[in-house]
Amino acid sequence: MTTNWKNVNNWVEKNCIPWAKEYFKKTFVGLKEEANGCSVEITEIKKFNGDVDVDQRKGKVFAIYDVDCDFAIKGKVNDIDIKGKINIPEIAHDTEEDEYVFDITIENDNSEKRPIKDLIRKNLVPAIKSKLVNFQGDLIKANTGDVYIPPEKMTGHPTNTTTNIVLNKKPAEKKEPKQKEIVSLGSWNKSITVKDEFFTSAHELYDIFLNPDKVRAWTRSGASIIEPKENGKFEFWGNVSGYITKLVPDESISLKWRIKEFPENHYTDVTLNFVQESDRVVLNVKQSGLKIPYDEQVKSNWVNYYFNPIKTTFG
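Residues numbered from 1 in each chain as written. Predicted model: local features only at pLDDT ≥ 70, side-chain atom pairs only at ≥ 80, totals over all residues. Heavy atoms only, no water.

## A few points about helix α1 (residues 17-28)
For α1, which comprises twelve residues, the first-to-last C-alpha distance of 16 Å matches the rise-based estimate of 16 Å (1.5 Å per residue) to within 8%. Those residues of α1 that fall on the buried side of the exposure criterion are Ile17, Ala20, Tyr23, Phe24, Thr27 and Phe28. Buried residues along α1 cover an arc of 120 degrees about the axis, so they all sit on one side. Exposed side of α1, more than 90 degrees from the buried face: Pro18, Lys25 and Lys26 are the residues found there. Where the residues of α1 are buried, they touch β1 (12-15), β3 (38-57), β4 (60-77), β5 (80-92), α2 (114-132) and α3 (135-143). (Helix = DSSP H or I, 4+ residues; strand = E, 2+ residues; numbered from the N terminus. Expected span 1.5 Å × (residues − 1). Buried < 20%, exposed > 50% of the residue type's maximum accessible area, 1.4 Å probe, protein only. Arc of directions from axis to C-beta. Contact = heavy atoms within 4.5 Å.)

## Things to note about the pairing of strand β14 (residues 281-292)
Here strand β13 (residues 268-276) runs beside β14; their pairing, made up of eight bridges, is antiparallel. Bridge pairing in β14 places Asp269 opposite Ser288. Turn length for the β13-β14 hairpin, with the two strands adjacent in sequence and antiparallel, is four residues. (Pairing = 2+ DSSP bridges.)

## Brief notes about the nonpolar core
Nonpolar side chains in soluble globular proteins generally cluster together in the buried interior. Of all hydrophobic cores here, the largest spans 43 residues; its most connected members are Phe24, Val52, Phe71 and Ile128. Only α1, β3, β4, β5, β6 (103-106), α2 and α3 provide two or more residues apiece to this core. Once residues lying within four places of it in the same chain are set aside, the contact partners of Ile128 are Phe28, Leu31, Ile42, Phe71, Ile86, Ile88 and Phe102. Counting 35 residues, the second largest nonpolar core, distinct from the first, contains Leu205, Leu210, Val240 and Ile244. (Core = buried A, V, L, I, M, F, W, Y, C linked by side-chain atoms within 4.5 Å.)

## Section: the side chain of Thr200
Counting through the fold element by element, Thr200 comes out in the loop between β8 (185-198) and α4 (202-210). We classify Thr200 as buried; its relative accessible area is 17%. In contact with Thr200, not counting residues within four places along its chain, are Arg114, Leu205, Gln276, Arg280 and Val281.

## Overview of the packing of aromatic side chains
Counted according to the given criterion, the structure contains 29 aromatic pairs. When the ring of Phe262 is compared with that of Tyr294, the centres are 5.2 Å apart and the planes differ by 85 degrees; the resulting orientation is edge-to-face. Residue Phe262 is found in the loop between β12 (252-259) and β13, and its partner Tyr294 is found in helix α6 (residues 294-314); the two are separated by 32 residues along the sequence. Take Phe262: its relative accessible area is 4%, and that puts it in the buried class. Note that Lys311 overlies the ring of Phe198, its terminal NZ or CZ placed 5.2 Å from the centroid. (Phe/Tyr/Trp six-rings, centres within 6.5 Å; stacked < 30°, edge-to-face > 60°. Lys NZ or Arg CZ within 6 Å of the ring centre and 35° of its normal.)

So, in structure tokens, the structure goes:
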């Protein structure tokens, strides 16, 4: 007798990347929002990198995925043509709706184009989120037949009457990954400088770094704390901590800053300088007391964990 029995005790896995790419194309390309004389539309899925799998283990079917996605966008603001992209760096099976990060990039950005970012943040991002919440269920429903066969249709093997399909349910809790060992070289005498521009005022950006509610918003963690005063402590993500050494309102913030991997009681010196220009503020970050390879790691983290989330959250 031939068999079609797939509900084995071993892991059965289907690579669903081709299906997922087509799903995102059909779901998101053409999505459009208009308001206050501005319009924006998703025109293309420019990047879709990662893994998308539907799996069966002991009769339970579930999805595991982690994708980095870019949407190409076009639009108009005050008759000015706009092009850019929206990056969602992590679309994962265990990502909550309020944990998605949307990194908005507009070509040749300037203050005249700022309304398009407001439209994306207030209208398009919620529309994208409302469709992302359906992805996991649709993925499982469309691909279950390739990894699981109902007991009444099984041939050639005894059935397992306790099997079930898990829709929109996370697989077993992931264990905390082991911290990678970092081999450091040299003395703690390395310095870095990081610079970026924000289309806001120095007063507003200064407040974004110190206001506890705003800090919890851009760190995306209700556990983030900051005491906005000299000698006030801060702690972000359970990994970054320190205290404020000096505050010059709307001009500079000086910190003693460390991460868990540093030797006990070793702090670096950080100064954030806010330079107000006509339509933007330039932020200069200077940090000393680092060593190889922390210097390059920390420099990258200022962009990925501070600047980009602040722009995504507040524009």
